[in-house]
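# Understanding the architecture of this molecule
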Amino acid sequence: MPEHFDAIVIGTGQGGSPLAVRLGESGRKTAIVERAAFGGTCVNVGCTPTKAYVACARAAHVARHAAAYGVQITGDITVDLARVKARKDEIIGQSRGGVEKWLRGATNVSVFNGHARFTGPHTMHVEGRDGQPGQHLEAGQIFINTGTRPVVPALPGLDDIRYFTNSTLLDLTTLPEHLVIVGASYIALEFAQVFRRFGSRVTVIVRGDRVLSREDADFARAVQDVFVREGIEFRFRAEPARLEAPARQNGEGSAVRIHFSGDTPALDASHLLFATGRRPNTDDLGLEAAGIVVDRHGMIPVDGELRTSVPGVWAIGDVNGRGAFTHTSYNDFQVVAANVIDAAHTGERRSVDGRTMVYAVFVDPPLARVGMSEADVRRSGRKALIATMPMSRVGRAREKGETAGFMKALADADTKQILGATILGVDGDEAIHTFIDTIAAGAPYTTLMRAMHIHPTISELVPTLLEGLKPMA
C-alpha cells in the first residue's frame, strides 16, 4: 500500500522547498522528493555559481584597470580557475546544505531521495538512490517543481567531441585557451564576459544578426559594443552545421573544429559551450499515467493559480512556462501558498495572470528590464511616452568611472502608467526596482518622478529621466 501524505512536492528548487515547509507548518503531512542536489538549478548550476564567477571576473577586470583610478598594481593579473571553482563550490555547498538541513528539520515534512514518477493522478513511485528500495506515495495535493536542463543541438559529429553546457563548464579547473560559445542570450553572454575577463580568448556564435534578440536593438548594440571593447569576438549569421574532432585531445577540453552552413569559414576552438536554450524536466515523470498534458515544448500548461489539467496537481517554476527565473519560481510558491494554505483564512486568492515580467542580464554593466520594451509598445499601437538618458549623465556612474549604457522608460500617454523600463548601466539591476515597485503599486509615473532620492546614487536620476518623457514618434 502506498504511504499516504496530504501533499507531495517534487523538487527542492526555489519554489518547491519553501512550499513544502509552509505546507508542513499548516498541519499537512508533506513529502518532498529530490533526485539530485538540494536547492535546484539556481543553487547548484544557475544563479549562485555563475554570479560567484561574475564577481571573480569583475575583480580581475577592476585590477587590470586600477591605474585609471591612481592605484598601481605591479605584475600581470592572472586568474587561478581552480581557486575560483573552489570558492564557487564552497558557496554552493553552504547554500545546498542549508536547504537540506532546513527541509529535514521542517515540521511535518518527510524528505525522499530518489526519482519520482506518477503511477496515477495522485500516486507515484519514488525510485531510491544508491540501491535504496523504491517507495510508493499518494497524496491529494501534488506540486511539480522539477526545473529545466540545457538543450544541445543534434549536430553531426557531436558524439565525437567533448562539449560543455552551462553546468559542466563550471567544473573546469584550467582556463580554456579559446572558448567558443554557441548562443547569444543571457547565459551565453554572461559566460562570454566572465571567461574573457578570466583571460581566455572568447568567440560568440550568433545565428541571427544581433545578440539579445528579445531586447530593443539599441540595448543589444550597446552590450555588443561593451563586449567588443573587452576583446570578445562575434560571428553573426553563423549556423553550425558539423563538428569535427582532431586526432589529439588536450587537457580538460577537446579541441573542436566547427563547420558552418554557407560560406562562413570553419572555426577552431579549445572548448565549445552550447548556450542554446533549456528544456523542462517533464519527460521522465510519468505524466501520462496521471493524465497531465504538456505542450510541444514539454511545458505543463497551468491556469492563473498554477493548477494543471488534473485537479489537485499544480506545476510551479520553470516547468509551467510562466517564467524561467528564480524570482518567478519563488513568486509561484507565494501564489500557490496564498491560495492553497492562506485563502481559507484570508478569503483572498492570488494569480500570476497579469504578472509583470522582470529580469536582469548579469553582464557588466548589467542590463535590467521590467515590463514592455520599446518594440513591444510600438507593436501594441498605443499612445505612449518615451524617455532615454545616457549613464554619462549620472554623477555616481562618472564617479565610479563606469558610464557605459543608458536608461529608457515608457509610459501610457493617457493613464500615465509605466509600461516598461530598461537600464543598461552600473547598478542597473538595483535601480530598476524603483520602476518595479511603482508598477506593482499601480501608481502613475508622476509618483516616481516626484519622489526624492538619495544623492549620489544611480536611482536618483530616474525622476530626471521621467521628466524627459515625450510622445513616441
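Above this text sits the structure in question.
So, how was this worked out
- Residues numbered from 1 in each chain as written.
- Predicted model: local features only at pLDDT ≥ 70, side-chain atom pairs only at ≥ 80, totals over all residues.
- Heavy atoms only, no water.
- Helix = DSSP H or I, 4+ residues; strand = E, 2+ residues; numbered from the N terminus.
- Rg over C-alpha atoms; globule rule 2.2 N^0.38 Å.
- Buried < 20%, exposed > 50% of the residue type's maximum accessible area, 1.4 Å probe, protein only.
- Contact = heavy atoms within 4.5 Å.
- Areas by Shrake-Rupley, 256 points an atom, 1.4 Å probe, with all protein chains shown as cover.
- Lys, Arg positive; Asp, Glu negative; His and termini not counted.
- Charge placed at Lys NZ, Arg CZ, Asp CG, Glu CD.
- Salt bridge = Lys/Arg side-chain N within 4 Å of Asp/Glu carboxyl O.
- Pairing = 2+ DSSP bridges.
- Axes fitted to C-alpha atoms, helices over the stretch in contact; angles between N-to-C directions.
- Parallel < 35°, antiparallel > 145°, perpendicular 65-115°, else oblique.
- Left-handed = near helix turned anticlockwise from the far one by under 90°.
- Phe/Tyr/Trp six-rings, centres within 6.5 Å; stacked < 30°, edge-to-face > 60°.
- Lys NZ or Arg CZ within 6 Å of the ring centre and 35° of its normal.
- 1 Å grid on protein atoms, 1.4 Å probe; cavity = no way out; pocket = protein on both sides within 12 Å on 5 of 7 lines; lining within 4 Å.
- Points joined across faces, edges and corners; volume = space filled by probe spheres on them.
- Nonpolar A, V, L, I, M, F, W, Y, C, P; charged D, E, K, R; others polar.

The next subject is the overall build of the protein. The number of helices and strands found in the protein is 14 helices and 21 strands. Against the compact-globule benchmark of 23 Å for 473 residues, the protein has a radius of gyration of 24 Å, which places it among compact chains. A total of 473 residues make up the protein; the buried ones form 51% of that total. Taking contacts inside the protein between residues at least 6 apart in sequence as the whole, the part at least 24 apart equals 65%. As presented, the protein carries roughly 21,300 Å² of accessible surface, and 50% of it is formed by carbon and sulfur atoms. Charge centroids of the protein, computed over 52 positive and 53 negative side chains, lie 3 Å from each other.

With that out of the way, let us pick up the pattern of salt bridges. Summed over the entire model, instances satisfying the criterion amount to 30 salt bridges. For aspartate 412, the salt bridge identified is with arginine 382, shortest N-O distance 3.7 Å. Of this pair, aspartate 412 sits in strand 19 (residues 406-412) while arginine 382 sits in the loop between helix 9 (374-380) and strand 18 (384-390), and the two are 30 residues apart along the sequence. Here lysine 400 ties to aspartate 427 by a salt bridge, and the two come within 2.9 Å at their closest N and O atoms. With lysine 400 in helix 10 (residues 395-400) and aspartate 427 in the loop between strand 20 (418-424) and helix 11 (428-431), the pair connects residues that are 27 residues apart, well separated along the chain. Among the residues examined, lysine 400 registers a relative accessible area of 25% and is labelled partly exposed. The network of salt bridges with common partners includes Arg58, Arg197, Glu230, Asp364 and Glu402.

Here we come to the pairing of strand 18. Of all 7 residues in strand 18, 5 are buried; the element is thus mostly enclosed. In this sheet, strand 19 lies alongside strand 18 in antiparallel orientation, the contact comprising 7 bridges. Within strand 19, the residue paired with leucine 385 across the bridge is alanine 411. As paired strands, strand 18 and strand 21 (residues 470-471) are joined by 2 bridges and run antiparallel to one another. Directly across from isoleucine 386, in strand 21, lies its bridge partner lysine 470.

Right, let's talk about the packing of helix 5 (residues 186-198) against helix 6 (residues 217-229) for a bit. One way to put it is that helix 5 packs onto helix 6 with a least axis distance of 10 Å and a crossing angle of 25°. Taken together, the axes of helix 5 and helix 6 are roughly parallel relative to one another. Crossing of helix 5 against helix 6: the hand is left-handed. Within the contact between the two elements, helix 5 uses Leu189, Ala192 and Gln193 and helix 6 uses Val223, Val226 and Phe227.

With that settled, consider the packing of aromatic side chains. Remark: the centre distance and the inter-plane angle together describe each pair of aromatic rings, the angle taken between the planes. Applying the stated rule across the entire model yields 12 aromatic pairs. Ring centres of phenylalanine 143 and tryptophan 314 lie 4.7 Å apart, and the angle between their planes is 20°; on these two criteria the pair is classed as stacked. Placement of the pair is phenylalanine 143 in strand 5 (residues 135-144) and tryptophan 314 in strand 15 (residues 313-315), with a sequence separation of 171 residues. The pair phenylalanine 143 / tryptophan 314 is uniform in exposure class, with both members buried. These aromatic residues form a ring-pair network of at least three members: Tyr53, Phe191, Phe195 and Phe198. Over the aromatic face of phenylalanine 5 sits the side chain of lysine 29, whose NZ or CZ is 4.8 Å from the ring centroid.

Here the focus is the layout of surface pockets. In this structure, the second largest pocket occupies an estimated 500 Å³ of space. Surrounding the second largest pocket, 20 residues form its lining, His61, His65, Arg197, Glu230 and Asp364 being those nearest its centre. Elements with a contribution of two residues or more to the lining of the second largest pocket: helix 3 (47-64), helix 5 and helix 6. For the lining of the second largest pocket, the element with the most residues is helix 3, which contributes 4 residues. A breakdown of the residues in the lining of the second largest pocket according to their chemical character gives 7 nonpolar, 5 polar and 8 charged.

With that settled, consider helix 12 (residues 433-440). Looking only at helix 12, the buried set comprises Thr434, Phe435, Ile436, Thr438 and Ile439. A positive phi of about 70° marks glycine 442, the residue just after helix 12.

Structural measurements only, silent on function.
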